[in-house]
Amino acid sequence: MKPFIMPSSNPTAAHATVVDPDGSVRPLDKYDAPLLLANKGQRRFHIMAKPIGPACNLDCSYCYYLAKATLPDGSRSGRISDETLDLFIRQYIEAVTGGEVVFSWQGGEPTLLGVDFFRRVVELEKKYAKPNQIVQNDLQTNGTLLDEEWCRFLKENRFLVGLSIDGPREIHDQCRFAKNGESTFDMVLNAARLLKRHGIPFNTLTCISRYNARRPLDIYRFLRREIGSTNMQFIPIVEYRDFERTAPQTWDAATFPKQGDAGARPGHPESIVTDWSVDPEDWGYFLCKTFDEWRNKDLGKAYVNHFETLVAQRLGLPSQMCVYSEICGKGLAIEHDGTLYACDHYVYPEYRIGSIRSGKLSDIVLSRAQVKFGYAKSETLPRQCRECSFLKDCWDECPKNRIIGAADGEPGLNYLCSGFKRFFAHALPEVERIVANIRKRGVQPQARM
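To keep things clear, this report deals only with the structure shown in the data block. All values reported here derive from a predicted model rather than from experimental measurement.

For the rest of this paragraph, the subject is the overall build of the chain. Of the regular secondary structure elements, the chain holds 14 helices and 15 strands. The C-alpha radius of gyration of the chain comes to 22 Å, within 12% of the 22 Å expected for a compact globule of 449 residues. Considered along the principal axes of its C-alpha atoms, the chain spans approximately 65 × 55 × 55 Å. In the chain, of all internal contacts separated by at least 6 residues, the share reaching a separation of at least 24 is 70%. With an accessible surface of roughly 20000 Å², the chain has 50% of that area assigned to carbon and sulfur atoms.

Most of strand E8 (residues 202–208) sits inside the fold, with seven of its seven residues counted as buried. Along E8, one buried face is formed by Phe-202, Thr-204, Thr-206 and Ile-208 and the opposite face, lined by Asn-203, Leu-205 and Cys-207, is buried too. Pairing of strand E7 (residues 160–164) with E8, which is carried by four bridges, proceeds in the parallel orientation. Bridging from a neighbouring strand, Leu-163 pairs with Thr-204 of E8. Sheet topology places E8 next to strand E9 (residues 231–236); five bridges connect them, and they run parallel. Note that in E9 the partner of Cys-207 across the bridge is Ile-235.

Attention now moves to the environment of Glu-432. Within the secondary structure, Glu-432 is located in helix H14 (residues 417–441). By relative accessible area, which is 33% here, Glu-432 ends up partly exposed. Each C-alpha atom, one on Glu-432 and one on Val-311, is 7.8 Å from the other, the two residues being 121 residues apart in sequence.

Okay, the packing of aromatic side chains next. All chains considered together, the criterion is met by 33 aromatic pairs. Ring geometry for Phe-420 versus Phe-424: centroids 6.0 Å apart, planes at 20°, classification stacked. You can see Phe-420 and its partner Phe-424 sitting in helix H14, four residues apart, about one turn around the helix. On the basis of relative accessibility, which here comes to 1%, the residue Phe-420 falls in the buried class. Look at Phe-424 and you get buried, because its relative accessible area is 2%.

Moving on, we get to the side chain of Gln-370. Take Gln-370: it is sitting in helix H11 (residues 368–379). On the accessibility criterion, Gln-370 (2% relative accessible area) is buried. Those residues within four positions of Gln-370 in sequence are excluded, and the remaining contacts are Gly-329, Leu-332, Ala-342, Ile-353, Ile-364 and Val-365.

Conventions adopted
Residues numbered from 1 in each chain as written. Predicted model: local features only at pLDDT ≥ 70, side-chain atom pairs only at ≥ 80, totals over all residues. Heavy atoms only, no water. Helix = DSSP H or I, 4+ residues; strand = E, 2+ residues; numbered from the N terminus. Rg over C-alpha atoms; globule rule 2.2 N^0.38 Å. Contact = heavy atoms within 4.5 Å. Areas by Shrake-Rupley, 256 points an atom, 1.4 Å probe, with all protein chains shown as cover. Buried < 20%, exposed > 50% of the residue type's maximum accessible area, 1.4 Å probe, protein only. Pairing = 2+ DSSP bridges. Phe/Tyr/Trp six-rings, centres within 6.5 Å; stacked < 30°, edge-to-face > 60°.

Following this line, the structure appears as structure tokens:
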């Protein structure tokens, strides 16, 4: 049931009120607007589907999702039922009123469900697709289970694949290993070759941790030369020391180290993060080195998520990554049991926002709680961020990483702040030259998801 505006002679006035489903009356505010105005324009949002929950055939040391299997009052592992799958696909297609709806299948490891599961997915998408609506699928995988049958299916049904690989063998195998501790590198390399042979578009997703951040060129050149990746995603590993049990923003900010303190870096006995989290300074070093390599050799040939979005934002386009947007909340996660969470990194009981088994997806994603979650990203910025010259390039990145105090002690500063500042200061002069050249040529780049 939606809240509704109380009838009045001037319902848009500041004194307009809203009646909530429980019957309480309160003033209308900006958090109500998306749901109340949902039918006035196009609805676009994105959901990451976890059809097998955190179940995985690997045991990557830095994985933030494996712990969901033992999280008290969490969703645990499980396989999505036929009924819930049907309900999700139907409601998602109905709820997105733009011309394109994108299904993102993640885990855990979604290929554990087998090819036949995804054949059923495609059948349901065709059943419920609206006229003239484009339905697309992407699949994030560790690649170890991909074979000829999988590749024929992915090619035939035009899936975009995200392949997780951390670099050459000695780097990849440092954190990404099988349950028995054995290497996975050869299996992932074989997956990349299969995808290329079948002509399946794929992105590489590379996690940057404390252990590989000082080897940026080894990683980048391997991805370009050995894997042939033309679309690279680099993800900084930042995990609060008690991330397995503690939801973001429920931590005790009084315990935060200040920027520059030893506890604001990994490896210290009192560090705020896990030992494998990337060092902020190393993250800045990694971005600077890979940016230079990309600019000198691959501009216009390869897309790198952090660089592409910086150029786009300086062109006045929306951020290509949610972490650099002023407001978030439009990228949700759904677990195998139909429960919706505010974000893929907020799959904790505190951030459950509803279930498609008991509510309507289109209402849940625009609910007051989710809208407030999205606005909180910019509303809770510390003064150090609000006064920063890079504010509109960064917006204090992902709220889950706001686990240190600013120099004056105010909590809420991003753990990676110093690294981002180093990168922006290094890259922006060249980015501005790229932007000027694009504008001179009259090219208008298209926004990418």
